[in-house]
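Spelled out from the first residue to the last, the chains are:
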Amino acid sequence: MSLKLSLHTKPDVPLEAAVICTDKLNGANETAIAALTVFHGNDQTALGEFFTVKGQCDGEIHIEGDLANVKHLGSEMTSGKMIIEGDVGQHLGAGMSGGEIIVEGNAGNWVAPEMTGGRVIIKGNAGHMVGSAYRGDAVGILGGEIIIHGNVGNELGSAMRNGLVVAGGNSGDFTGVNMHAGTIIVLGEMGIRSGAGMKRGTILSMHNADMLPTFSHACTYHPYFVRLYLAYIKEQGLTIDDAQLVGNYQRWVGDAIELNRGEILLYVN
Amino acid sequence: MITMKIKSTEIVDTFAEAFKMSGTRVIITAATKQWAMAAAQSMTGFATSVIGCKCEAGIERELNAEETPDMRPGVSVLLFAMDADGLGKRLVERIGQCVMTCPTTACFNGLESDTTAIVGGQLRYFGDGHQIGKVLGDQRLWRIPVMDGEFVVDEHFGIQDAVGGGNILILGKDQKTVLKAATAATKAMCEIDGVILPFPAGVVRSGSKVGSKYKSLIASSNDAYCPTLRTVTGKSLVPEDVNCVLEIVIDGLNEATVADAMRVGLHAAAKPGIKQLSAGNYGGNLGQYHLYLNKILEAS
Amino acid sequence: MTFTTRIVNGKVYDPMNNIDGEIRDICIEDGRIVESMPDDASRIDAGGMVIMPGGIDIHCHIAGAKVNAGRKLMPEDHRRDPHPETAFTRSGTGGIVPSTFATGYRYATLGYTTAMEAAVPPITARHTLEELDCTPIIDKGFYVLLGNNIFLHNLLREGRHEEFRQTIAWWVNATKAYTTKLVNPCGDEPWKGQRNKNITDIDEKVDGISPRIIIEAFVNAVNAMGFPHPPHIHCNNLGHSGNYKTTLETMRTAGDQRLHVAHIQFHSYGGVTGKNPTSKAAEIIEYVNQHPNITCDIGQVMFGNATIMTADAPLAYVLRGFNKNKWVNADTECESGCGILPFTYQEHVYTHTMQWAIGLEMFLLSEDPWRVILSTDHPNGGSFMNYPKLIRLLMDKSFRREEMGRVNQKAIAKTALNDLDREYTLNEIAIITRAGPARALGLKNKGHLGPGADADITIYDDMDDKEMMFNAPRYVIKSGIPIIADHEFRGDHTGRLLHITPEYDQSIEETVKPFFESFYSVEFGNYAIDDSYMHDHEVIQTTKTS
Ligand SMILES: [Zn+2]
C-alpha cells in the first residue's frame, strides 16, 4: 500500500517540506507522518496542517494538489518513487542520490540541484536552474537524470559534472553554462549564450542556435553515440524522429576561454 | 563400444572433454553489414586455439539494426581465453587493431556480467587526450577521435565463465564424404546462439593429443585418429574402412549451449558413409566438463 | 550587569604574574579581577581544570570590506555550515569566513576574548567599525593600512618627515585604529599602474622612494609617538622563494626600535624565486631570538580550506593562477589594493607541506615565546578554528610525528622538523596565546589574571588530548560576564573597540585636505569617522617618548 498525501490547505507563503521523501516516511503511520515538521515561511508547523495523510509509505508516495508553493519535496531522496499529480515548487529532489520522482504538472526553479543519482521526470515545464549548482558552488549535479518534457528556463544544467539533462521543449539562456561534463539534450530551441564557460561535456540541440564567438565550428558529421542517447530518451517517451537519429550534426567546440574541450552538437536539417 | 546409432552411423560411447574458460561477447556495428563483418572477420582471425593464439574467437551471428545498441547493422563475436585477465588483454589488442581501425565501426559489450574487463578505458589513450567519456545509465562509453569521425567503444566488457573444447569427431569412408558431413554439421551448429567454432570454417583436421616425444612440445598430432597410422601405433581408434577423420571444436558461453551444438552437429553429420561419430578426450582428468555423446543425444 | 564570583580550585596559568599551574583563587568584581572578596560570593569550582586569561588574537581578518567580499565570494561555504542561534546568542553562518556574529561566538567557544583585525584601508574603516560592533563577546581593534598611501608617499618623497608623523596621527584618529599596518610597502602602486608589476627588493625605488624608506619612516614615527603596538608589517615578497633576505633586511631596518612582523612564516623561504621554496625558519627565528625589539606572529598554515585575503593585490593575482578558482582584485583609491581568493592547503603538495613545516619549525626554535605569537593569519593560513589543533601540534610530539607522516615527505626531509622534539608547556601556550600578544599589543589589562586585569577568563578541562581541551572550554568569562558555562552559551556581550588617539597638530588637516579634494571619491569633511560610531570602546594610552 502506498502513501497518499493530499494538500487540503494552500500555503500562503512557500511551504518547505523536505520531510516529504520516501526515505523519511517509509514505515511511519498516518499520525506520525501528520505530526512531522514542515516550515511555513518562518513558522514551524505540522505536515497535517496542510496535507491529508492516507496509507503508509512502502517506497512509494503519491502527492496531489497544487504544490506550486511547496518546496524541497524529495530532498536527499535515495530510493523509491514519488508521484506528484500536479505542479510542484522549487528545489524538487535537491541532492537526491537515487529513486524516481515523476511530476505530472510543471515544476518550479532549481529542480534537483546537487543531484548525484536517480531520476526526475517532469511532464510539464520547469523553471530556471534545473540540475544546476547552487550559487557559489563550482560543481552542479554529479549524476542522475532529469527529463523535462516541456520547456525549461535559464541556466539548464549549469556547472554539471555528470548525468543527463533533457528538455523536450525549448531551453532559456545560458544552457549548460560552466558545465564540467555530462550531457544536455534540448529537443527544442536554445536561448542565447549556450555553453558559456563550459569545460567539457555535450550540449545537443535539434535546432540551429546562436553560437558564442568563443565556440568554433569543427565539422559536420554523424556522431554514433548520439544514437544511443536519442534511443534512450525515446524510451522515456520523448519524440525523436528517425531523421534525427541517423542525421548529421554540426560540431561546435568550446568554450575557448576555458578548456575548449566541450561541444555543442546542432542537428543539420 | 557402441550402444547407440543414428541411422546407420554408430555413436561411440565416449565423451568430449571440455575446459573451463573465460568468455565474452563483442558487438560490432558499422554503417553497413559488410563493414561490420569485415571488422569481425579481422578480429576473429588467428584465434583457433588458445595454445597457439592465446585466445579462441569466432563470429556468433549477424545482427539486424534493431538488435544493436546504436541501431546499425552488426555482428556479434565471441572470444574465449583461459582466464579473465588474458581475455581482457586480447580484447584490447583485437578491438584496438581490428575494430577501431575499420571504417564506421563502433564496438559494444554484448554480455552482462559482474566481472568485466576494461577495454575502452585502455583504448581511449589512443585519443591522445582528445578522447571523450560519456555515461548513459550504467553504461560508460569512450569516443575516440579518428579520421572518419569517432570510434565509440564501451569502457567495460562483461566476462563470464565459459566452456571451451567441446568437440565431435566424424569418421568416414573417404575425405569427400567426411567433408560433406562436417560442412552439414557446422551449418547446423552455427544456428545455435552462444557458441562458436573457432577453426577454419569450423573444422579442424589436425586434432591433437597432450604431450609429445619432443620435450619442448606440449601437444602433438592425435595419432590415434590418423588413418595413415592405423596399424602403426597399436592404439589406433580408426576402424577399418575409415580413411578420413575430421573434428569440429565448439566453444560456448555455457555447458548447455555447447551440448546443444554438439547434438545438432551429430544429427547433421550422421550420413551414409559416416561410420562413426565420436569425441575427443584425455581420459577425463584434464577437463572440468565431460560431455557424453549418448547423454546429449538422449536429452533431445 | 555586574557579576561577582570567586573561581576556586583551578590550576592557574598566568605567565605575566609568574604563576605556572598553581592552584589559586580568582576573584571577579565589576568586570575586573580583584584581590579578594567576601567568602559568601558565588563560586565556580574549577577543580581539575586549567584557568588562563582569555585568548588574544594579534593578527586576523574578521571585519571590513575585504572580509565581507570574502564572505560574498563563498556562499557555498556558508550554506554548509549554519551557525544556529541559542537562547543567548544570534544565528549566523560559519565556514572559513564566518558572519560577524558567528565570528565573535566562535572565538568565544575557543576561549578567545580579544582579536585584532589586521588590515583595514582607511576609507573602509567606517564599514569595519560597523562590523566590529556586530562581532559580539570579544574586544577588538584594527590596524589601519598606510604603507601604500599615496599622500604619505608624497610627503616622504619630499622629505617632510614632521608632517608625515602628524598625518599618521591624524589618520589613526580619523579611523579609530589601533596602530599602523604596512603591507608590501611600495608594491601596490606599481601593480595598479603597470601590468603585472610588483617590487622584489626593499631598496627598489618607485618614484624616488623605496620600501626601506617607508619602513624606516613608519618605525621612527610610530615609536616616537609611543603607540602601544609598533608598526605591524607584512613584508615585501610574501610567499616568494628566497624572500627571507627581504625579511631580514626589513627587521634590520628597524634597528633597535620596536617592529611587529606579521605571519612571519610566509616570509621565511629560501630558494630561487619561481622555484620550490626551502626552509629558512632557522635564520629568521635566530634574528628574532637575538633582537628583543622584534615581535612576530607565525601565520601557521593548516591543511584544508582557507581564504587568501590580503591588501597585497599582486600576490593575490599570482595565487589566482594556481587553483583557477574565483578571485577578487580591487583598487582602494589612493590607499591600498586588495585581493581575495579561496585556497586549499593540501598535504601532498610540496610547497604547502613546506609552509606548514616552516611554521612549526619557527615555533619550536623560538627562544622567547613572548615575542613569537600564535596565529594562522586567519583565514589566510586557515581558520582560527584550527588553533586547538595547532596547540596540540606544539604540545604533543607524538601527534606531531603522526601528522608529519601524512604530508609530502620530500618537503619534510628538507626541514629540521624531524630533529625537533620540543613540546610546549601549558605555561608557554598561555604565553603565545595570551600574555605574549597582550604585551606586544601594549594591553596592560589583558593577558593576565592579576588584580586590575579585565576579567577575561577561560577555564578548560585538563585533558591529555590538547586539541579537545582547547576546543571546548568549560567556562568562558568576558569582562566578568559568564558567556559559556558547562560548554554552553549562558550570556552575550558586545565587546569593546580598542583604539588609540595619538596627539597631533590640527593644522595638518589643511595640508591633507587639498589632496582629498583632488583625488578622493569622498569629501574630506565626510571622511573622518566621528564619535557617533563609537559604542563600547576603550582608548589605549600612547606613551610619547620625544
Ligand atoms: Zn594577515
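Residues numbered from 1 in each chain as written. Chains lettered and ligands numbered in written order. Predicted model: local features only at pLDDT ≥ 70, side-chain atom pairs only at ≥ 80, totals over all residues. Heavy atoms only, no water.

**Here's the deal with the overall build of chain B**
Stage number 1. Counting its secondary structure elements, chain B contains seven helices and 19 strands.
Stage number 2. Against the compact-globule benchmark of 19 Å for 300 residues, chain B has a radius of gyration of 21 Å, which places it among compact chains.
Stage number 3. Taking the principal axes of the C-alpha coordinates as reference, chain B spans close to 65 × 45 × 30 Å.
Stage number 4. Considering only contacts within chain B whose residues lie at least 6 apart along the sequence, 74% involve residues at least 24 apart.
Stage number 5. Accessible surface for chain B amounts to roughly 13,800 Å². Of this, 52% is attributable to carbon and sulfur atoms. (Helix = DSSP H or I, 4+ residues; strand = E, 2+ residues; numbered from the N terminus. Rg over C-alpha atoms; globule rule 2.2 N^0.38 Å. Contact = heavy atoms within 4.5 Å. Areas by Shrake-Rupley, 256 points an atom, 1.4 Å probe, with all protein chains shown as cover.)

**Things to note about the pattern of salt bridges**
Stage number 1. By the definition in use, this model includes 61 salt bridges over all chains.
Stage number 2. R25 of chain B is paired through a salt bridge with E60 of chain B; the nearest N and O atoms lie 2.7 Å apart. Note that R25 of chain B is positioned in strand β3 (residues 15-29) and E60 of chain B in strand β4 (residues 56-63), a separation of 35 residues in sequence.
Stage number 3. Owing to a relative accessible area of 5%, E60 of chain B belongs among the buried residues under this scheme.
Stage number 4. Across the pair R496 of chain C and D139 of chain C runs a salt bridge whose closest N-O atoms are separated by 3.5 Å. Here R496 of chain C is found in the loop between β26 (488-489) and β27 (497-499), whereas its partner D139 of chain C is found in strand β12 (residues 139-145), with 357 residues between them in sequence. The same class applies to R496 of chain C and to D139 of chain C, which are both buried.
Stage number 5. Shared partners join several salt bridges into a network, and the residues in it are R32, D139, K446, D454, D456, K478, R496 and E538 of chain C. (Salt bridge = Lys/Arg side-chain N within 4 Å of Asp/Glu carboxyl O. Buried < 20%, exposed > 50% of the residue type's maximum accessible area, 1.4 Å probe, protein only.)

**Quick word on the interface of chain A and chain B**
Interfaces are frequently sized by the accessible area removed from exposure as the parts join.
Stage number 1. Every contact between the two is made by 20 residues of chain A and, on the other side, 22 residues of chain B.
Stage number 2. Note on chain A versus chain B: buried area summed over both sides is about 1,600 Å², and carbon and sulfur give 59% of it.
Stage number 3. Linking chain A with chain B are one salt bridge, by the criterion used here.
Stage number 4. Here R143 of chain B ties to E263 of chain A by a salt bridge, and the two come within 2.4 Å at their closest N and O atoms.
Stage number 5. Where chain A meets chain B, there are 10 residue pairs in polar contact (both at pLDDT 80 or more). (Buried area = accessible area lost by both parts, 1.4 Å probe. Polar contact = N/O pair within 3.5 Å; in protein donor to acceptor, adjacent residues only side chain to side chain.)

**So, helix α3 (residues 224-235) of chain A**
In an α-helix there are 3.6 residues to a turn, and that puts residues three or four apart on one side.
All names here are of chain A.
Stage number 1. Compared with an ideal rise of 1.5 Å per residue, which puts 12 residues at 16 Å, α3 spans 18 Å between its outermost C-alpha atoms and is within 8% of the ideal.
Stage number 2. Within α3, nine of the 12 residues are buried, which leaves it mostly tucked inside the rest of the structure.
Stage number 3. Inspection of α3 places Y224, F225, V226, R227, L228, Y229, L230, Y232 and I233 among the buried residues, and these make up the whole buried set.
Stage number 4. Following α3 by one or two positions, G237 has its phi on the positive side, about 100°. (Expected span 1.5 Å × (residues − 1).)

**Focus on the sheet that holds strand β3 (residues 37-40) of chain A**
Stage number 1. Ordered in space as β4-β3-β2-β7 (chain A), the four strands form an open sheet in which the pairing is mixed. Only two strands of the sheet have a single neighbouring strand rather than two, namely β4 (43-46) and β7 (70-71) of chain A. (Pairing = 2+ DSSP bridges.)

**Side note on the environment of A472 of chain C**
Stage number 1. When you line up the elements, A472 of chain C lands in the loop between α17 (466-471) and β24 (475-478).
Stage number 2. Spatially, the C-alpha atoms of A472 of chain C and Y460 of chain C are 7.2 Å apart, while their sequence positions differ by 12 residues.

**Notes on the side chain of H59 of chain C**
Residues and elements named next belong to chain C.
Stage number 1. Relative to the helices and strands, H59 resides in strand β8 (residues 55-60).
Stage number 2. Side-chain polar atoms of H59 contact the side chain of D377, separated by 2.9 Å.
Stage number 3. With residues near it in sequence (within four places) discarded, H59 still touches M116, A118, K181, H232, A262, H263, D297, S375, D377 and H378.

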